[in-house]
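# Breakdown of the fold
Chain residues, written in single-letter form:
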Amino acid sequence: MKLEIRRLLSAAEHDQAVELQKLYWGADAGNLVPRHMLHSFSQYGGHALGAFDEDKLVGLVLGFIGTDIDMDAPDARPAMANLLIMSKRMVVLPAYRGRNIGFRLKMAQRDVAIRQAIRLVTWTVDPLLAPNAHLNIRKLGGVIQRYEVNFFGLNDEESLRSDRLVVDWWVTQRRVKERAKGGGSALTLQQYFDVNTPIVNRADVSQEWLRPRRMTDVPGSTFALIEIPGDFRELEAADRSLADEWRYHIRAVFPQMLAAGYIVTDFVSGEFESRRRSFYLLSHHFDEDERRN
């Protein structure tokens, strides 16, 4: 399929971007980036990148220049010392999913970052969505070092669904360059098992849906696996109580592993115990130069 990836610059294109957002985030204005903000992003260093099938917008990713400096810290460095691109709002029309459009949009965003001499693109992801993890970690080469509880500061009722992992995408890093050329991780779940990689939260498979079990102790191994359901959206629609149980479980597991020095470096799925299972792969001895260069 021939698609064009280009910047959205006109008011008409920005209107299409607002409508596309509604497919995923609904019509509530509080959840949408409006046209006037898209215009400002596009004119002052940010970007709205669209995938077009002729004149039809079928995919979108937004980004703006930011910094991770704590402005209230008394010893804060100048913001320019820690410039990054904050990526937001990647969405693809349902009928166009599975065609590598998300990957192409992110690679176009990488091109923008390199032209702006910015090495880091970052974004937040729901920790329980396996398809997103596959794209962000395995295909793009992002790494994860932070888990944010209630990232969006929502009220108690919704705060559980506001937890996020923070993806760091070092766009000039060797692993990212390999993925940009279609290379990257080819390791399978079985290969990780072959080197005795432990599952720290091996799920109970005795029922229709996977059920979380209490995390084991933090292992002393180089690698570790954190399991999530491969079909969380379907599980959530079928059994909201079990879905929330998974959310509380992951909220307990991830911070403990990251605090112990592990970093998410891969995402793998494969057959295990007669089911297709999905796991984050965490590495303990991760080279600092490899992470940032």
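Before reading on, note that the structure itself is shown above.
In this report, we go over the structure that sits alongside the text. Quantities reported herein were computed from a predicted structural model and do not represent experimental measurements.

### What to know about the side chain of Asp168
In this fold, Asp168 is placed in strand β7 (residues 164-170). Although Asp168 is buried, it forms no salt bridge, and the closest oppositely charged side chain is Arg146 at an N-O distance of 4.5 Å. In this structure, Asp168 is in contact with Leu120, Val121, Thr122, Gly142, Val143, Gln145 and Arg146, ignoring residues within four places of it in sequence.

### Quick notes on the pairing of strand β9 (residues 263-272)
In terms of burial, β9 is largely enclosed, as eight of its 10 residues are buried. As defined by bridge partners, β9 adjoins strand β10 (residues 275-283) across nine bridges and the pair is classed as antiparallel. Bridge assignment links Asp266 to a residue of β10, and that residue is Leu281. Linking β9 back to β10 in an antiparallel pair, the connection comprises two residues, with Glu273 at a positive phi of about 55°.

### Quick word on the packing of aromatic side chains
Inspection of the entire model under this criterion finds 11 aromatic pairs. Ring geometry for Phe267 and Tyr280: centres 5.1 Å apart, planes at 75°, overall edge-to-face. Separated by 13 residues along the polypeptide, Phe267 in strand β9 and Tyr280 in strand β10 bring together distant segments of the chain. Seen in terms of ring centroids, Phe272 and Phe279 are 6.5 Å apart; in terms of plane orientation they differ by 65°. Their pairing is edge-to-face. Taken together, the ring pairs connect Tyr147, Phe254, Phe267 and Tyr280 into an aromatic cluster.

About the thresholds
Residues numbered from 1 in each chain as written. Predicted model: local features only at pLDDT ≥ 70, side-chain atom pairs only at ≥ 80, totals over all residues. Heavy atoms only, no water. Helix = DSSP H or I, 4+ residues; strand = E, 2+ residues; numbered from the N terminus. Buried < 20%, exposed > 50% of the residue type's maximum accessible area, 1.4 Å probe, protein only. Lys, Arg positive; Asp, Glu negative; His and termini not counted. Salt bridge = Lys/Arg side-chain N within 4 Å of Asp/Glu carboxyl O. Contact = heavy atoms within 4.5 Å. Pairing = 2+ DSSP bridges. Phe/Tyr/Trp six-rings, centres within 6.5 Å; stacked < 30°, edge-to-face > 60°.

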